[in-house]
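# Architecture at a glance
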Amino acid sequence: MTKPIDWTLLRTTALAVAKNAYAPYSKFRVGAAALVDDGRIITGCNVENASYGMTLCAECGVISELARSGGGRLVALCTVGNDQPVTPCGRCRQLLWEHGGANMLLEVNGEPRKLSEMLPVAFPEESVFVNPEAD
Ligand code: THU
């Protein structure tokens, strides 16, 4: 039997990492914590920019940390903003899709929901893989 997901740990980790957010413009401090399929927990916080549009969401930090720390597949993710639960924005759902897939779980209002439910009919990465037979 696979180990149950420790949502409490993910939430407390997300709350802790949100303290490191760089959010001088929105003052909305976001933290995200994810479980990887090898058992490690990775985190991210939002990093804003004076350009506004170049702001990095907390989930972007998670994806970057996933690659930096050795890759793997995302199993579950919890995001908080100003100490309250939040759901990842649409752009981040697409980012998460590529590294977690349809069965990845997001905590939504205290309940785990599949990413396929949170991003129906997602753009699949397979559709852009180049045909190796093509020149
Ligand atoms: N933000 C995140 O970090 N993740 C989300 O999923 C939604 C929004 C950040 C971006 C910006 O720094 C602040 O929250 C307000 O939108």
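Each value, and the rule that gives it
Residues numbered from 1 in each chain as written. Predicted model: local features only at pLDDT ≥ 70, side-chain atom pairs only at ≥ 80, totals over all residues. Heavy atoms only, no water. Near = heavy atom within 4 Å. Polar contact = N/O pair within 3.5 Å; in protein donor to acceptor, adjacent residues only side chain to side chain. 1 Å grid on protein atoms, 1.4 Å probe; cavity = no way out; pocket = protein on both sides within 12 Å on 5 of 7 lines; lining within 4 Å. Sits in = over half its atoms within 2 Å of the grid points. Nonpolar A, V, L, I, M, F, W, Y, C, P; charged D, E, K, R; others polar. Helix = DSSP H or I, 4+ residues; strand = E, 2+ residues; numbered from the N terminus. Buried < 20%, exposed > 50% of the residue type's maximum accessible area, 1.4 Å probe, protein only. Salt bridge = Lys/Arg side-chain N within 4 Å of Asp/Glu carboxyl O. Points joined across faces, edges and corners; volume = space filled by probe spheres on them.

### Observations concerning the site of the ligand
Near the ligand you find Ser 26, Phe 28, Val 30, Asn 46, Glu 48, Thr 55, Cys 57, Ala 58, Glu 59, Thr 87, Pro 88 and Cys 89, and these make up its full shell. Backbone polar atom of Ala 58 to an oxygen atom of the ligand: 2.8 Å apart, as the coordinates give it. A majority-of-atoms criterion places the ligand in the second largest pocket. Tallied by class, the residues present in the shell around the ligand amount to six nonpolar, four polar and two charged.

### Topic: the environment of Lys 114
The residue Lys 114 is located in strand 6 (residues 111-114) in this model. Taking relative accessible area as the criterion, Lys 114 reaches 39% and is therefore assigned partly exposed.

### With respect to the pattern of salt bridges
Inspection of the entire model under this criterion finds five salt bridges. For Glu 65, the salt bridge is made with Arg 68, and the minimal N-O distance between the two is 2.9 Å. Placement of both Glu 65 and Arg 68 in helix 2 (residues 58-68) is noted, with a separation of three residues, approximately one turn of the helix. Close ionic contact of Arg 113 with Glu 117 constitutes a salt bridge, the shortest N to O distance being 2.8 Å.

### Thoughts on the layout of surface pockets
To find leftover empty space, a probe the size of one water molecule is rolled over the atoms. Taken as a whole, the largest pocket holds about 240 Å³ of empty space. Lys 3, Pro 4, Ile 5, Leu 35 and Gly 39 are, among the 13 residues lining the largest pocket, the residues nearest its centre. Going through the elements one at a time, helix 1 (7-17) and strand 1 (30-36) are the ones with two or more residues in the lining of the largest pocket. The class makeup of the residues in the lining of the largest pocket is eight nonpolar, one polar and four charged. Estimates place the volume of the second largest pocket at around 160 Å³. Lining the second largest pocket are 13 residues, with Phe 28, Val 30, Cys 57, Ala 58 and Glu 59 sitting closest to its centre. Across the lining of the second largest pocket, the residue classes break down as seven nonpolar, four polar and two charged.

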